[in-house]
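# Report on the structure
Residue strings, one per chain:
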Amino acid sequence: MQHSISLYSTTKSFFILLFLCFTLTISGNNRVRVKTDIGADWKFNKTTLSTASKIDYNDSSWPTINIPHTWNDKDAQDGGGNYARTVGWYRKSIPWDASYVGKRVYLEILAASLQAECFVNETSVGTHKGGYNAFRLDITDQLTTGDNLIAIKVDNRSADDICPLSGDFSFIGGIYRKIFLVVADPVHVDLNDNGTHGLYLTTSNVSAASATLEIKAKVVNESSEAKTVNLKAIFRHPDTFDAIAEVPNPIFNINDMKQGGSPIETLEENAVNIPAGGSYEFSRQITVTNPHLWNGKTDPYRYLVDFSVSDAGNVIDAVSDYVGFRFFHADNTGFYLNGNLYPLRGVNRHQDWEDMGYAISENEHNIDFGMIYEIGANAVRMAHYPQDPYFHELFDKYGIAVWVEIPFVDKF
């Protein structure tokens, strides 16, 4: 079995700052909005025919596949560059569900390479350029009672306005990460925010004595009338740690990463009036005294922020995310984490597997991560592009620093 992991030099490891400057992840534990994996049983074919978006198009001869999927699982792994760069179409009928009444419905795709256009019942609902990041499209107004055809055109041919333009790796085509339907109340944390869950946690002025945490969330009202809601952010200790079997003996005590869920600070904004079609930005700062620092592999402690939107006492949307406090700098003597010299040693990682291409699951991510952890690495370079949010989360959770690149490779 081949794995795309290689040792890398630490001579440029100060670029790890690109990870440490950010505390936002696009994973989260959403309690109210309903997120359903719809990856099973799609019809797929490589074709440039525009008629594949039509309801009456006959796809009965097309093979049935599951998403994540790529059409380059075999032909792109010899390194010769002779692999299919073309257009692929995915088609699936989604039945109407009574739970959609009075809600907003979104199509969420975690990655489609290199660009995609989505159609619902023959109507284009949006496009996305870039093969390595999530995107989300509001499909509410195109849905009807009965069956609803979703047709997605994906194109991995070279385009001058889409990175990367060249590189020493294959630009694999397909919807190669998960695909979901997201159903939300019309008043919710913004779901049109570049594929994120909309909760922003930013740390500053971090030291062993104190730290500042800014909590921001844009709440939108996509109903036809003004709404008055209550907003709440709870900053707390986590009460769980979701371990993976591939790291059976982490060098920290898992029980130390969960401290009962006790709230530290609660921030509320009540009776917030949001006009129809309008929005409201929740933005608050708190000072944390003597923060438990995120300290790499020995102590990757993170706090949790729960943000909720309530209407007449009922929670109608909620988003949670983790945040770690750390401070760092690099100079000609090395990289320092929380005031201590912290030599960075690690690997590069590409996201393709033998006979699978990019279309890998959490199982493959866990195996790769387990090998990285087992060899003692404390840093990883995501070569040469953002990778699956699930994989990013593993590194933050287990205390490994990450250098995340944008896919500007070779040509500028």
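Structure's up top.
Let me begin by describing the structure that accompanies this report.

Conventions used here
Sequence order sets the numbering: in each chain, residues are counted from 1 along the sequence as written. This being a predicted model, a pLDDT of at least 70 is required before a residue's local features are given, and a value of 80 or more before pairs of side-chain atoms are given or counted; all residues contribute to the totals for chains, interfaces and linings. Excluded from the side-chain calculations are hydrogens and water; all other atoms, namely the structure's heavy atoms, are used. Strands here mean DSSP runs of E at least two residues long; helices mean DSSP runs of H or I at least four residues long; both are numbered from the N terminus. Think of it in three bands: with a 1.4 Å probe and only protein chains considered, a residue is buried below 20% of the maximum accessible area for its type, exposed above 50%, and partly exposed in between. Any two residues whose heavy atoms approach within 4.5 Å at even a single point are treated as in contact. Note on areas: these come from Shrake-Rupley sampling with a 1.4 Å probe, and a residue is covered only by the protein chains present in the view. Polar contact is defined as a pair of N or O atoms within 3.5 Å, subject to the rule that within protein one atom must be able to donate a hydrogen and the other to accept it, and that residues adjacent in sequence are counted only when both atoms are side-chain atoms. Think of a salt bridge as a Lys or Arg side-chain nitrogen and an Asp or Glu carboxyl oxygen that are within 4 Å of each other. Working definition: rings of Phe, Tyr and Trp (its six-membered ring) pair if their centres are within 6.5 Å, and the pair is stacked with planes under 30 degrees apart, edge-to-face with planes over 60 apart, and tilted otherwise. In this scheme, strands are said to pair when DSSP sees at least two bridges between them. To get an axis, a line is fitted to the C-alpha atoms, and for a helix only the part in contact is used. The angle between two axes follows their N-to-C directions and goes from 0 to 180 degrees. Expected span of a helix: the number of residues minus one, times 1.5 Å. We call a set of buried Ala, Val, Leu, Ile, Met, Phe, Trp, Tyr and Cys residues a nonpolar core when their side-chain atoms join them within 4.5 Å. Cavities and pockets are found on a 1 Å grid laid over the protein atoms alone: a cavity is a set of points where a 1.4 Å probe fits but cannot escape, a pocket is an open set with protein on both sides within 12 Å along at least five of seven lines, and a lining residue has an atom within 4 Å of such a point. Grid points are joined across faces, edges and corners, and a volume is the space filled by probe spheres set on the points.

### Quick word on the overall build of the protein
Regarding its fold elements, the protein presents three helices and 27 strands. Expressed along its principal axes, the backbone C-alpha trace of the protein runs to roughly 65 × 60 × 40 Å. Per-residue burial for the protein yields a buried fraction of 53% across its 412 residues. Restricting the contact set of the protein to residue pairs at least 6 apart, pairs at least 24 apart contribute 75%. Of the roughly 17,900 Å² of accessible surface on the protein, 48% is carried by carbon and sulfur atoms.

### So, the side chain of D396
Counting through the fold element by element, D396 comes out in helix α3 (residues 389-398). Only 3.1 Å separates the side chain of D396 from the side chain of R302, close enough to count as a polar contact.

### Digging into α3
For α3, the buried fraction is high: nine of the 10 residues fall into the buried class. If you check the start of α3, you find a side-chain oxygen 2.8 Å away from the backbone N of Y390, and it comes from D388. Positive backbone phi, approximately 85 degrees, marks G399, located one or two places after α3.

### Section: the pattern of salt bridges
One pass over the full model with this rule turns up 22 salt bridges. Note that D317 is salt-bridged to R33, the shortest N-O span being 2.8 Å. Of the two residues, D317 is situated in strand β21 (residues 314-323) and R33 in the loop between α1 (17-20) and β2 (34-37); the sequence distance between them amounts to 284 residues. For the pair formed by D317 and R33, the shared burial category is buried. As a salt-bridge pair, R302 and D396 come within 3.1 Å of each other at their nearest N and O atoms. Of this pair, R302 sits in the loop between β19 (299-300) and β20 (303-311) while D396 sits in helix α3; the two residues are 94 residues apart in sequence, bridging distant segments of the chain. Like D396, R302 is buried. Because the salt bridges share partners, they merge into one network encompassing R104, D138, D141 and E222.

### A closer look at the packing of aromatic side chains
Under the definition given, this model contains 25 aromatic pairs. Seen in terms of ring centroids, F369 and F395 are 4.9 Å apart; in terms of plane orientation they differ by 75 degrees. Their pairing is edge-to-face. Residue F369 is found in helix α2 (residues 362-374), and its partner F395 is found in helix α3; the two are separated by 26 residues along the sequence. Per residue, the accessibility class of F369 equals that of F395, and both read buried.

### Considering the sheet that holds strand β15 (residues 227-236)
Taking strand neighbours across the sheet as the criterion, the four strands line up as β16-β15-β20-β21 in an open arrangement whose pairing is antiparallel. Every interior strand has two partners, whereas the edge strands, β16 (263-274) and β21, have only one. Strand-to-strand twist in this sheet, taken as the mean axis angle between neighbours without regard to direction, amounts to 15 degrees. Bridging between β15 and β16 involves nine bridges; their strand directions are antiparallel. Note that in β16 the partner of I234 across the bridge is T266.

### A short note on unusual backbone geometry
The residue after I67, namely P68, is reached through a cis peptide bond having omega 15 degrees. The topology assignment puts P68 in the loop between β4 (64-65) and β5 (87-95). Going from A383 to H384, the amide bond is cis rather than trans, its omega being -10 degrees. At A271, a residue that is not glycine, the phi angle is positive and equals roughly 55 degrees. One can find A271 in strand β16. Even without glycine at this site, A312 takes up a positive phi of about 55 degrees. If you trace the backbone, A312 turns up in the loop between β20 and β21. The class for A312 is exposed, based on a relative accessible area of 71%.

### So, the environment of K43
Among the secondary structure elements, K43 is positioned in strand β3 (residues 42-46). Linking K43 and K92, residues 49 residues apart in sequence, is a C-alpha distance of 6.4 Å. Once residues lying within four places of it in the same chain are set aside, the contact partners of K43 are D59, S60, W62, P63, T64, W89, Y90 and R91.

### Here's the deal with α2
With 13 residues, α2 extends 18 Å between its outermost C-alpha atoms, agreeing within 8% with the 18 Å of an ideal straight helix rising 1.5 Å per residue. Considered for burial, the residues of α2 that qualify are E364, H365, N366, D368, F369, G370, I372 and Y373. Count one or two residues on from α2 and you reach G376, which has phi positive near 95 degrees.

### Some thoughts on the nonpolar core
One broad rule of soluble globular proteins: the nonpolar side chains tend to lie buried together. In terms of nonpolar packing, the biggest core is built from 48 residues, with F307 and F369 touching the most fellow members. Apart from residues no more than four positions distant in its own chain, F307 is found in contact with V189, L199, A217, V219, L231, K232, A233, F282, D317, A318 and V319. In this structure, I109, C118, I152 and I179 belong to the second largest nonpolar core, which totals 29 residues.

### Notes on empty space enclosed by the protein
This structure, assessed with the given rule, holds two cavities of 30 Å³ or more. In this model, the largest cavity occupies a volume close to 40 Å³. Lining the largest cavity, in full, are Y176, R177, Q351, Y358, I360, H365 and D388.

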